[in-house]
Amino acid sequence: MSSYDESDAFEGASLAARAMAARGAPYLDELNPAQRAAVEALDGPVLMLAGAGTGKTKALTARIVHLLNTGRARPNEILSVTFTNKAAREMKDRVGRLLGQSIEGMPWLGTFHSICVKLLRRHAELVGLKSNFTILDTDDQVRLMKQLIQAAGIDDKRWPARMLAGIIDNWKNRAWTPANLPASEAGAYDGKGPQLYALYQARLKELNAVDFGDLLLHVVTIFQTHDDVLQQYQRWFRYILVDEYQDTNVAQYLWLRLLAGAHKNICCVGDDDQSIYGWRGAEVGNILRFEKDFPGAHVVRLEQNYRSTPHILAAASGVIAGNKGRLGKELWTEAEEGEKVRLIGHWDGEEEARWIGEEIEAMQGGTRGMRPIRRDEVAILVRASHQMRAFEDRFLTIGLPYRVIGGPRFYERMEIRDAMAYFRVVTSPSDDLAFERIVNTPKRGLGDKAQQTIQRIARANGVPLVQGAALAVEQGEIKGKGGTELARLLDGLTRWGRLIGDASVSHVELAEMILDESGYTGMWQNDKTPEAPGRLENLKELVKALEQFENLQGFLEHVSLIMDNESDDTEEKVSIMTLHAAKGLEFPAVFLPGWEDGLFPSQRSMDESGQVGVEEERRLAYVGITRAEEVCTISFAGNRRVFGQWQSALPSRFIDELPEAHVEVLTPPGLYGGGYGAAGMGGVQSSIDARVAEANVYNSPGWKRLQARAGQRPVAQPGEARNTVIDMKAVSSHSVGERVFHQKFGYGAIIGIEGDKLEIDFEKAGTKKVVARFISAADDIPF
DNA sequence: TGTACATCGTTTTTT
DNA sequence: ACGATGTACA
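Keep in mind it's a predicted model, so treat the numbers as computed, not measured. Every chain is numbered independently, its residues counted from 1 as its sequence is written. Each chain gets a letter, beginning with A, and each ligand a number, beginning with 1, in the order they are written. Per-residue local features of the predicted model are confined to residues with pLDDT of at least 70, and side-chain atom pairs are confined, for both listing and counting, to 80 or more; whole-chain, interface and lining totals are unaffected and use all residues. Computation of side-chain values: all heavy atoms of the structure, hydrogens and water removed.

A. Geometry of the overall build of chain A. Numbering of helices and strands runs from the N terminus; a helix is a DSSP stretch of H or I covering at least four residues, while a strand is a stretch of E covering at least two. Assigned secondary structure in chain A consists of 32 helices and 22 strands. Classification of residues uses two cut-offs on accessible area relative to the type maximum, computed with a 1.4 Å probe and protein chains only: under 20% is buried, over 50% is exposed, and between them is partly exposed. Within chain A, buried positions represent 54% of all 783 residues. For chain A, the share of sequence-separated contacts (at least 6 apart) that also reach a separation of at least 24 residues comes to 75%. Note on areas: Shrake-Rupley, 1.4 Å probe, and residue coverage restricted to the protein chains presented here. Accessible surface for chain A amounts to roughly 34800 Å². Of this, 51% is attributable to carbon and sulfur atoms. We call two residues in contact when some of their heavy atoms are within 4.5 Å.

B. Just the confidence of the model for chain A, in detail. pLDDT gives the predictor's per-residue confidence on a scale running from 0 to 100. The share of residues in chain A with pLDDT of 70 or more is 82%, and the mean pLDDT across the chain is 82. A low-confidence stretch, residues 1-14 stays under pLDDT 50, and its non-local contacts, those more than four residues away or across chains, total 21 contacts. Per-residue pLDDT stays below 50 along residues 671-732; that stretch engages in 104 contacts with residues further than four places along the chain or on separate chains.

C. Region of interest: the nonpolar core. We call a set of buried residues a nonpolar core when its members are Ala, Val, Leu, Ile, Met, Phe, Trp, Tyr or Cys and they connect through side-chain atoms within 4.5 Å of each other. Ranked by internal contacts, the top residues of the largest apolar core, which has 74 residues, are F223 and W255. Counting residues per element, this core draws most heavily on helix 12 (residues 250-260), at eight residues. Residue ranges labeled as domains rest on an automatic or database domain assignment. Domain assignment of the residues forming this core places at least three in each of domain 1 (7-121 + 218-302) and domain 2 (134-207). With residues near it in sequence (within four places) discarded, F223 still touches L119, V229, L230, Y233, W255, L258 and L259.

D. Spotlight on the pairing of strand 13 (residues 587-592). Within strand 13, six of the six residues are buried, leaving the element largely enclosed by the surrounding structure. In this structure, strand 10 (residues 378-382) lies alongside strand 13, joined through three bridges in parallel fashion. When the bridges of strand 13 are listed, I380 appears paired with F591. Being paired, for any two strands, means DSSP has found at least two bridges between them.

E. Structural view of the packing of aromatic side chains. Here a pair means two rings of Phe, Tyr or Trp (six-membered ring of Trp) with centres within 6.5 Å. Their orientation is stacked below 30 degrees between planes, edge-to-face above 60, and tilted elsewhere. Applying the stated rule across the entire model yields 19 aromatic pairs. Geometrically, the ring pair formed by F112 and W255 is edge-to-face, given 5.5 Å between the ring centres and 65 degrees between the ring planes. Taken together, the positions of F112 in helix 6 (residues 112-123) and W255 in helix 12 put the pair 143 residues apart, joining distant regions of the chain. The buried category is assigned to F112, whose relative accessible area is 1%. Taking relative accessible area as the criterion, W255 reaches 0% and is therefore assigned buried. Taken together through their ring pairs, the aromatic side chains of W108, F223, Y233 and F237 make up a single cluster. Here R121 stacks its cationic end above the ring of F133, 4.1 Å away from the centre of that ring. Sitting above the plane of the W279 ring, R280 keeps its charged end 5.9 Å from the centroid. Both a distance and an angle decide whether a charge sits over a ring: NZ of Lys or CZ of Arg must be within 6 Å of the ring centre and within 35 degrees of the ring normal.

F. Structural detail: the protein's contact with DNA strand C. Throughout, the term near means that a residue has one or more heavy atoms lying within 4 Å of the molecule or strand in question. With respect to spatial proximity, the complete set of residues near DNA strand C consists of K157, R389, F643 and G644. Here, DNA strand C places atoms within 4 Å of the protein, and 62% of those atoms are sugar or phosphate. Identification of polar contacts relies on pairs of N or O atoms within 3.5 Å, with a donor-acceptor requirement for protein atoms, meaning one able to donate a hydrogen and the other able to accept it, and with residues adjacent in sequence counted only if both atoms are side-chain atoms. In this structure, a phosphate oxygen belonging to DNA strand C sits 2.8 Å away from a side-chain N or O atom of R389. Residue classes follow a fixed rule: Ala, Val, Leu, Ile, Met, Phe, Trp, Tyr, Cys and Pro count as nonpolar, while Asp, Glu, Lys and Arg count as charged, and any other residue, Gly among them, counts as polar. Counted by class, the surface near DNA strand C contains one nonpolar, one polar and two charged residues.

Following this line, the structure appears as structure tokens:
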């Protein structure tokens, strides 16, 4: 095994020395008793159950400082893992601030993935890789799989590459290699999954590449098969800290358990109530089982909340109490009572957006005795990103500045990935995937056929594609325009490659040269689509980002793991984001729209995971409510356009679970008398009327009656919600028994309604199911 | 190779 | 509704 970097040890020692010299421990005095207990229990396993807003990061960073201050470990002997770069950055900043200096000396504070890259580069040869392996992102991954699938003669219509990528990702999350894949998985992907998995891994090895899942999996494999390596790291990492432990998957769990196995100085911080990533492999079980995994573990609960008002906390607690198998926490606060959680129902999604827009504007001036709330203190948290649209539309028309958080990341954009592929080919000419990406971008007249020729020649000679392409040109296998263009590209690649180490050209200039001379910039300049200017702008930003790195390789190395996109504009804007994206954030005012059964909790989640799914959705509700500091407004709409169809739905079952004492029901303006009953005008079935009326009830003082009834419906029966989604278009315009006309089938009577489809008994054509929009009422026909 | 039309599948997302 | 993706045809 290679020795540890001298520099790590050196920097570490000097930092530790300075930390020690800082003397005293003011950071301990700032902690509450629970936090302090968590910080001072340095040795042995510790589980810090940190509720939302209870000062978890504060405790975690204080713990690191305390480890240093007491001389337990030097900075480079502490392994401290997070999930996101953002969390890692924040921890570094805060530890640095506590120590009064920057934290260069903590090389092992980072994300699971970045730490695994470091480890894997040191030991790559143990899993058959070279230490300069490339890291593929999801896009590369799928393209590679597509090739394998086609080569295997599988119809990728029925069995899409994305699906296989998802399956393999899941396997990797569970730390299943092709060799130890359980028999239960044999049938995956039409029975060809296991075989393709093995093939895919072999191909990655050939390409000297890994995907994200491999980073963890390979390191776990190394630890499991090379005890000497494992032992060295067990000794080296004297203390381990884990953030967001409830989000760890099996591979990460194994990784941690292996590393902590000897000394068991592991401190896991998390909140089982905020586990919302089960669908991507996170195992809440990891945190629930902690005390069994580490007998004698010290469990500390952080329950004093510094974020929200008592009403908000009580509402959140009331909802989360519906989950079983919790470790159990009760948040409390010393804050003043404040506003109750506000609940409001609307006729449809547009009205909901309109009302929220107006409410935000009213808040700027301060409503009902509340302090004025700035736009950037407001967040709208939605379950699914398609809900954002209504808000964007509305806010654009009223000119309310907003910002959407999440969405496609900078480094995932097409133009950025193309540019990076150019850089990759230039810095490592054997990067076949990158070459494939750029060989015909911009269009060089190198279609499928030319690319196959290149592949064939490269394979026949056992060389990478770039060399294969060179041979193809030499041998005159690619003729005409394509040949000339390819020759020019190859020429450029060699020229740029020579300039890499050249002191007369900075890497930033080189990057610009590559993009210009390859014709890539020109391609977008000539593009007349509206997004072209934005893409050119992004390319400029990419080049600017390069300045912060020493060279192209250094840049590529970092960028493959850093996918975040901090926007630097400072205008006060309302934030719109998904509930998932909101985890870890907080806002004075939070709007939670779309609380309808089927949307939230999401139908899919319930169908696929049943009770477990509902519980995860409930945790999502809990996360949403606990983001709010001062005012939290929950809303639902009776009708909503989903996939172009009007659908009506019941208010979310989570609304039933809000404790009445902490909720104020608002009445939307312009809701006269019958309100939701309006849908019944067309003579709708009574059962539908009843459901719509039930929705209406939330807007009135009669909401309380429903609260009383809520006990009869503590948890939804499977399949219940499915029946509650009713096509409003069908509801408002047709009803069973109605006489109708169809252009092709003539007259008939409706005998059933199913979504947008009507079952009709036609006088001449018999019983048929037809789409509602082809139907008109019989007396509408003008002849 | 490029463009026009059809078809499909639509939760959540980090690294 | 809508966007991504694939197929048919110029």
